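Examining the three-dimensional arrangement
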Amino acid sequence: MLFNPSTAPKGLIVNSLTPKKMEQLECWDELLQTILIVDDEQRMRSSLRTLLEGNGWDILECRTGAEAVTTMKSRTVDLILLDINLPDISGLDVMEWVANNNISTSVIVVSGDDNIDSAIFALRSGAAEYVRKPYEPEEIRRKVENILYRRHLEASHSLMTSRLEHSELMHRFLVESSPDLIFTLDHSGCFTFINGRIESLLGYTREELIGACYESIVHEDDIEKAHYAFNERRRDSRATTNLEVRLKRNNNCYRNFKNNSIVVMMSSTGIYNDKCPSKELYPHCFLGTYGVARDITERKIAEETIAFQAFHDQLTRLPNQRLFKDRLEVAIAHSKRHGGMVGVMFIDLDRFKIVNDTHGHAAGDELLKCVAHRLRHCMRAVDTLARQGGDEFTVLLPDMVHAEDAAIIAQKILNEFNLPFLVSGQTFYISASIGIAIAPRDGDDIDTLLKNADIAMYKVKSCGKNNFKFFTPDMDVCNYKRISLENELRQAISNSEFELFYQPQIDISGVRIIGLEALIRWRHPAHGLLNPGDFIDLAEEAGLIDGITDWVLAEACRQLAHWQKMGLRNLRMAINVSPKEFERDDMVEQITSQIQCNHLPPDSLEIEITEKILLRDTPSVIHKMRMLRDRGVRISVDDFGTCYSSLNYLRQFPISTIKIDQSFVRDLSEEHRISPIIQAIIGIAHGFGLHLLAEGVETRCQMKTLHELGCNEMQGYLFSKAVSAQEVEHLMRRALSHIPPQHDEFIAQPHFFSNMAALNGIQEHSSLITP
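In this text the structure is predicted, and so the values were computed from the model without any measurement. (Residues numbered from 1 in each chain as written. Predicted model: local features only at pLDDT ≥ 70, side-chain atom pairs only at ≥ 80, totals over all residues. Heavy atoms only, no water.)

A short note on the overall build of the protein chain
Of the regular secondary structure elements, the protein chain holds 29 helices and 27 strands. When each of the 771 residues of the protein chain is scored for burial, the buried share is 49%. Taken as a whole, the protein chain presents about 38500 Å² of accessible surface, with 50% of it coming from carbon and sulfur. (Helix = DSSP H or I, 4+ residues; strand = E, 2+ residues; numbered from the N terminus. Buried < 20%, exposed > 50% of the residue type's maximum accessible area, 1.4 Å probe, protein only. Areas by Shrake-Rupley, 256 points an atom, 1.4 Å probe, with all protein chains shown as cover.)

Here you go:
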């Protein structure tokens, strides 16, 4: 209900009636309640004004705390909508000024400050409500209406208190209309009067309580604390003020309160017969106690909610890292004092990102709740399960006798994850990787234990996931080496430490080199020449793959242009591209710009991708691949058949070549010259009209078998290992010296092929083709 000034009793908030105030009383009906909006953002001030206009309120605006203080010095403000973070002084400073200057105004803090301590301090400093931005319009409107209505009641209360000496009727009206519980007790603690607020607040009738002891409505655990307040004899500044007490509600009440009790803030004072004849008889003139109790249940709930949010995760309701570290610190101190071990687990969900990306964040959140529920049932009563963030959880295992006890709990967790999770009618299977650190063996402080448990968890990830491992010192050494290698990798490009090696691709039917695959090597100053397997995964994880790919692309195109100027115009260059490159917006432009810059035919460049990129059949990936094909760039699928091959991928993606993985080629031998897998791949390639190339050819038997099956393009150690650009150029120059002058392009002749074969210790080409 909105406050209507016309229905209110005439009065202002006063402590005594002066002539000036009496004059103000006559104008009460014409006065508007004033709201002051204090926020440094014009948009927020305008939004609040729009929300609150049209209700008969006088709305003022201030941008700074100083302007707000100046406004309150010059006029009465009933309610302040106050932001904490102001450009000059804090909103909390404004509240302190209001309190120090006894300004009678209510405050609703409307702030984007997510600091829990600020919220608690604001409420304890006298704020009536604390609303976080962004706010719900209806919520803040309701709070404003409620507070202004309460101020109206308080104004009436204050006015009636001032007139109490003039009218018992006015006194009765004030007491009965008060939002607070007002009562009097006799010298034995029994109620002699209680206002009507008792019925709506606690559900008792006045008849039930008149003559009853105050203990009948006080919570059992608070009786001792409340004893002196309900038997207060003092009337000076030492009298009870703002004491928090819980009061019991009537079990038959229609309203429902948590724990069947409410919290009130109580103040009381002694009542004496002021006509006592002498000071000596004054103690005998004690008549009883007068008290006022204000319901602060909602405020207490708000404080408890804020306190809970400060130490718990909002999604899973588990302890957060702040509470987890506090308990871990206590457990470590206890183990140092009394012995025993403390275990710390670091749990990371495997493949959770796939669920989140595929089914959406709502399904991901529900899955996290289900995971938290299951993990709780794997814990002992003394253990603490906390959410680290994202899909990571931590576990505190205090008071362990044997380190192996942690393995029992870890195995119990893994067993739980063998069962499916049912979320929104869908079944999900996920696993967990668990790292375990034990104090004091693996560290005796919070950060060390968490770090070592994290290292152990990542060791599980690298070894296949869905398992648990205890931390060992060698893991830390590996982690240190990994960090060092990452730092050195960041400097490798600027220090010109990368090199490209090239492995020829051979067409055995035409006995010629048709292309080269560019393979990166890192000439490490300390570790020598490193293969891509030693650093590419690290580069992708560290976000360095973009720079490395750009360098490879530029260097390979430059080298190909150089060879074409030598007359080697029918060569194509194959470059491996990481799946992460397709996440770049400028991926197509980077490739085409190098082709244009080096004046290369577009079809001389072939981009090699892995089957993993085919799983990302997002429109953006397909669009980028089509753009490359439209510009003439060839696209080949490396390691075809080893992952999640699908005929639909070949139909949907603009692929020009598929490469038979060396794992299939390796199975070919004199004893096993039949491979259904290779036959199927060759049939698929021919059926879709795709080029076909086999990699990893190392024996003459493998070459002949592939040739007989219909695959004529190959690469492998049988023909040549990956060699430097200088070696490739040296071999090609020797081949060019045997080409007749009228040929304007290079086609490798048998005598050149035999020179290549000599590099690998194999015979002339003629002996390779013929058994």
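And the narrative resumes.
Remarks on the side chain of T240
Position of T240 among the secondary structure elements: in the loop between α10 (223-230) and β8 (243-248). Judged by relative accessible area, which is 13%, T240 ranks as buried. Within polar-contact distance, the side chain of T240 engages the side chain of E232 at 2.6 Å. (Polar contact = N/O pair within 3.5 Å; in protein donor to acceptor, adjacent residues only side chain to side chain.)

Quick look at the sheet that holds strand β12 (residues 384-389)
Taken together, five strands build an open sheet; the order of strands is β12-β13-β11-β16-β17 and the sheet is mixed. The open sheet is flanked by β12 and β17 (467-470), the only strands paired with a single partner. Strand-to-strand, the axes of this sheet are offset by a mean angle of 20°, without reference to chain direction. Judged from the four bridges that link them, strand β16 (residues 431-439) and β17 form a sheet pairing that is parallel. Residue pairing in the sheet places I434 in a bridge with F468 of β17. Against the sheet, helix α16 (residues 446-462) makes contact with β11 (341-350), β13 (392-400), β16 and β17, and its axis sits at roughly 145° relative to β16, the strand it touches most. (Pairing = 2+ DSSP bridges. Axes fitted to C-alpha atoms, helices over the stretch in contact; angles between N-to-C directions. Contact = heavy atoms within 4.5 Å.)

Comments concerning unusual backbone geometry
Note that the residue after K133, namely P134, is joined by a cis bond; omega there is -10°. Turning to its location among the elements, P134 is positioned in the loop between β5 (129-132) and α6 (137-162). The omega angle of the peptide bond from A439 to P440 is 5°, so this bond is cis rather than trans. In this fold, P440 is placed in the loop between β16 and α16. The backbone of K465 shows a phi angle near 70°, a positive value even though the residue is not glycine. By secondary structure assignment, the location of K465 is in the loop between α16 and β17. Here the phi dihedral of H599 falls at roughly 55°; this positive angle occurs in a residue that is not glycine. Of the residues examined, H599 reaches a relative accessible area of 69% and is grouped as exposed.

With respect to α10
Residues A226, A229 and F230 constitute the buried set of α10. Projection of α10 onto a plane perpendicular to its axis shows the buried side chains occupying an angular sector of 85°, all on one side. When the buried face of α10 is taken as reference, the exposed residues oriented beyond 90 degrees from it are E224 and Y228. For α10, the elements touching its buried residues are β6 (181-186), β8, β9 (261-272) and β10 (286-295). (Arc of directions from axis to C-beta.)

Topic: the confidence of the model for the protein chain
Across the protein chain, the average pLDDT comes to 82, with 86% of residues at or above 70. Here residues 1-30 is a poorly scored stretch, pLDDT under 50, and it has 52 contacts once near neighbours within four places are set aside; other chains count. Within the model, pLDDT remains below 50 along residues 739-771, and this stretch shows 57 contacts once partners closer than five positions in the same chain are excluded. (pLDDT = per-residue confidence, 0-100.)

Notes on the state of the cysteines
All chains considered together, the criterion is met by zero disulfides. Left unpaired, C557 is separated from the closest cysteine sulfur, that of C597, by 8.9 Å. Judged by relative accessible area, which is 1%, C557 ranks as buried. (Disulfide = S-S within 2.5 Å.)

Quick look at the pairing of β9
Consecutive residues of a regular strand have side chains that alternate between opposite faces of the sheet. Most of β9 sits out of view: nine of its 12 residues are buried. Where β8 lies against β9, six bridges are found, and the strand directions are antiparallel. Directly across from V245, in β9, lies its bridge partner V264. As paired elements, β9 and β10 share nine bridges and run antiparallel to each other. Paired with S268 across the strands is G291, a residue of β10.

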